[in-house]
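Secondary and tertiary structure notes
Chain residues, written in single-letter form:
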Amino acid sequence: MKAKGWRDLPPGSVVLEGGSAVKFKTGSWRAFRPVWIEENCIQCLFCWIYCPDMAIKTKDGKRAEFDYDYCKGCGICALECPGKKGKKAIEMAEEGK
Amino acid sequence: MATPLTLKELSKKEDRFTHGHRMCSGCGAPIVVKIALMATDYPVVISNATGCLEVSSCISEFTAWNVPWIHTAFENAAATLSGVETMYRSLRKQGKMDKDVKFIAFGGDGGTYDIGFQSLSGAMERGHDMIYICYDNGAYMNTGIQRSSATPLGADTTTCPAGSVIPGKLRSRKNLTKIMAAHDIPYVAQASPSHWQDLARKVQKAHEIKGPKFINVIAPCNRGWRSKTNDAIALSRLAVNTCYWPLYEIENGVTKITVTPKEKIPVAEFMKPQGRFKHLFAPENEDLLRQVQEEVDREWAKLQKEAKTD
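Residues numbered from 1 in each chain as written. Chains lettered and ligands numbered in written order. Predicted model: local features only at pLDDT ≥ 70, side-chain atom pairs only at ≥ 80, totals over all residues.

The next thing to look at is the overall build of chain B. Summing up its helical and strand segments, chain B has 11 helices and 10 strands in all. Compactness check: chain B gives a C-alpha radius of gyration of 19 Å against a globular reference of 19 Å for 310 residues, within 12% of the reference. Its C-alpha atoms give chain B principal-axis dimensions of roughly 70 × 50 × 40 Å. Relative to its full complement of 310 residues, chain B shows a buried share of 52%. (Helix = DSSP H or I, 4+ residues; strand = E, 2+ residues; numbered from the N terminus. Rg over C-alpha atoms; globule rule 2.2 N^0.38 Å. Buried ≥ 20, exposed ≤ 12 C-beta atoms within 10 Å, placed from the backbone.)

In C-alpha cells, the structure reads:
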C-alpha cells in the first residue's frame with residue numbers, strides 16, 4: 001500500500017473516515033500464532049474481551065475463528081483461556097513451522 | 001435500554017475501537033479503551049491526550065476510532081473536551097441539536113498525572129459533563145520509559161535507572177484517584193481491565209451521572225514493565241489481588257470497595273514477573289521491598305477504614 005503524499009491529504013490531516021485502520025493489517029508482526037481448539041472451548045468469550053487487537057471474530061454472541069490479518073500474537077488469549085477439564089482451547093504455535 | 005454487561009451481548013456490538021491500530025503486541029491500553037467504549041450505547045466524543053494511545057491509534061489517514069475523536073497535545077485533553085462539551089450545551093440550548101451525546105477524555109499517566117494535570121483539575125472544577133479516563137502504565141512509555149509521577153517506588157526506568165547509585169525510583173507514586181476525589185466531583189473510581197465487568201459497570205454508571213467524572217485504570221505495558229507480552233491481564237489481576245491497585249469508587253463522597261480480593265497476597269507476587277523490579281529482589285534492597293509492602297498495606301487499611309466510616 002502506497003502512503004499518500006501531503007497534497008492528497010485533507011487540510012489539517014483530518015481523517016474523514018472512522019475506523020479506517022482496518023485497512024492496515026498488523027498480522028505480520030506475529031511470531032507466535034494462537035490456534036483455536038474448538039472441542040475444548042466453553043464459549044466463555046474471555047479471549048474476545050481481553051484481546052488488545054480485536055482479532056477474535058464473533059458470530060451471534062459466540063466465538064468464531066481468529067482474525068490472523070490483525071492478531072499480533074501476544075498470547076493473552078492463550079494465557080487467559082480457562083479451557084475445558086484442564087485442556088486449553090487456545091495454544092500458541094511458532095509461526096513458519 | 002443499555003446493552004446488558006454480558007460478554008455474549010457485548011460481542012454483538014460493532015467495534016468502536018477497531019483492529020489495525022499499532023499499539024505494541026500485548027498492550028493493556030487498547031483493552032481498557034475497548035471495554036470503556038463498549039460499556040455505553042450513547043454516541044460519544046473522545047479527546048485523546050498525546051501518548052502511546054494517541055500516536056499509535058491514529059497514524060496519518062488510518063484511525064482505529066470509529067467515533068468522533070480529537071487529538072490534543074499532551075497537556076490539554078480535558079481543556080479541549082471542556083470546549084467541545086460547552087459548544088454542545090450551547091447547541092442544545094439553541095435547539096440545533098437534540099441527541100444525547102457523552103464525552104470521554106483519554107490520557108496516559110504522563111498526560112494525566114503530570115503534564116495534563118492543570119487542565120484536568122480545571123475541567124473538573126468547572127464542572128463539565130464528561131468522564132476522564134486515565135490509562136496508567138506507570139511511566140512515559142511512548143518516549144522510552146521515562147519516570148512519571150505515576151511510576152511506583154523502586155521501579156527501574158531510563159531516567160531513574162537502578163544500579164550502584166540508586167535502586168530505581170526513590171519516590172512513591174502519587175495517588176491521583178484520591179487527588180481527584182479531593183476535587184469533590186460526583187464520581188471517582190479506580191478500575192482494572194482484568195475485572196472487565198467492574199470497569200464496564202463503572203463507565204456505564206459514570207455516564208448516567210451529570211458532572212465531571214474521573215476513572216483511573218491500570219494498563220500494563222510489557223515493554224516498560226519488562227514483562228512478557230501475554231501477561232497484561234494476569235499482571236493487572238495481580239495488582240488488584242495484592243491491593244497494589246484496589247478497585248473502588250467514590251460516589252458523592254461515599255467510598256465503596258467494589259472488589260475485595262479473596263486473599264490479599266504479598267505485593268512481591270505482582271513485582272516478581274516484572275523486570276523493572278528485578279533489582280528489588282537482591283539482598284541489599286530488602287528494605288526497599290519491605291517499604292513497598294508497608295506502603296501498600298497502609299493505603300489498603302486507610303481505604304478500608306474510609307469505606308467503613310462512610
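Picking up where we left off.
On the chain A side, the residues contacting the 35 residues of chain B number 35 residues. At the level of secondary structure, the elements contributing two or more residues to the side of chain B that touches chain A comprise α1 (7-10), α2 (29-38), β3 (62-63) and α9 (232-241) of chain B. (Contact = placed C-beta atoms within 7 Å.)

Residue and element names in this part refer to chain B. In this structure, Q274 sits in the loop between α10 (268-271) and α11 (286-309). Taking the C-beta count within 10 Å as the criterion, Q274 has 23 such neighbours and is therefore assigned buried. Once the C-alpha coordinates of Q274 and L199 are considered, the two residues, 75 residues apart in sequence, prove to be 24 Å apart. Apart from the residues lying within four places of it in its own chain, the contact partners of Q274 are W225, R226 and S227.

Another point: the nonpolar core. Residue and element names in this part refer to chain B. Membership of the largest hydrophobic core comes to 110 residues, with the highest contact counts inside it found for I35, I133 and V217. Broken down by element, the residue count for this core peaks at eight residues, all from α2. With sequence-adjacent residues up to four places away left out, I133 is seen in contact with A36, I104, F106, I215 and V217. (Core = buried A, V, L, I, M, F, W, Y, C linked by C-beta atoms within 7 Å.)

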